[in-house]
Amino acid sequence: HELPPETITDVLNEFSKALSSPMGMKVKGESFVKNLISRSMSGERAENILEDIGGDLGPIPFENLSDIDSKTLANFIQNEHPQTIALILAYIESGKASEVISNFPENLQTDVILRIANLENVPQNIVSEIEEVLQKEINTLGTI
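Just so you know, the residues in each chain are numbered from 1, in the order the chain's sequence is written. Under the rules for a predicted model, residues below a pLDDT of 70 receive no local features and side-chain atom pairs below 80 are neither given nor counted, while totals for whole chains, interfaces and linings still include all residues. With hydrogens and water set aside, each side-chain value is computed from the structure's full complement of heavy atoms.

### Side note on the environment of Ile92
Note on conventions: DSSP H or I runs of at least 4 residues are helices, E runs of at least 2 residues are strands, and numbering of each starts at the N terminus. One can find Ile92 in the loop between helix H5 (82–91) and helix H6 (94–102). With a relative accessible area of 7%, Ile92 lands in the buried category. The sequence separation of Ile92 and Ile60 amounts to 32 residues, and the corresponding C-alpha distance is 8.8 Å. Burial classification: accessible surface area is computed with a 1.4 Å probe over protein chains only, and a residue below 20% of its type maximum counts as buried, one above 50% as exposed, and the rest as partly exposed.

### What to know about the pattern of salt bridges
The rule for a salt bridge is simple: a side-chain nitrogen of Lys or Arg has to be within 4 Å of a carboxyl oxygen of Asp or Glu. A complete count under the given rule lists 2 salt bridges for this structure. Asp111 is paired through a salt bridge with Arg115; the nearest N and O atoms lie 2.7 Å apart. Taken together, the positions of Asp111 and Arg115, both in helix H7 (residues 106–117) and 4 residues apart, correspond to about one turn of that helix. On the basis of relative accessibility, which here comes to 25%, the residue Asp111 falls in the partly exposed class. Of the charged contacts, one joins Glu132 and Lys136 as a salt bridge, the two residues approaching to 3.5 Å between their closest N and O atoms. With Glu132 and Lys136 both in helix H8 (residues 124–141), this residue pair falls 4 residues apart, about one helical turn. For Glu132, a relative accessible area of 47% puts it in the partly exposed group.

In structure tokens:
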């Protein structure tokens with residue numbers, strides 16, 4: 001759909017203000033932020049915003065999952081709560097996330113996709129806790 005230039009400018013300005021608010025970033029993870037920005041805009045504007053953010057955004061949550069085969073990862077997390085699955089997949093690279101989702105049963109695919117679409121800010125301590133528990137499960141099972 002085509003949007004009026006004023007609407008696009010207003011949304012980008014609101015987004016920029018939110019990023020520079022005193023509250024700071026509510027989500028840690030450079031790949032998450034880059035992914036979000038690159039999905040919502042393209043070209044020079046996205047590059048400028050990424051440059052404005054600058055600095056180290058911290059460790060990337062669930063980075064350890066990037067080396068696990070998509071089908072294996074899907075089998076490993078499909079018994080988690082759909083909201084937990086949505087959170088995990090929101091942090092990993094979008095191509096990998098879509099491969100993982102495609103390995104779920106259809107009803108779970110729909111549920112997880114809707115939850116990703118409606119995912120709001122999650123406190124970093126919750127993300128870290130989920131990541132820690134998941135890592136312990138992976139370590140218990142050995143290399144999956």
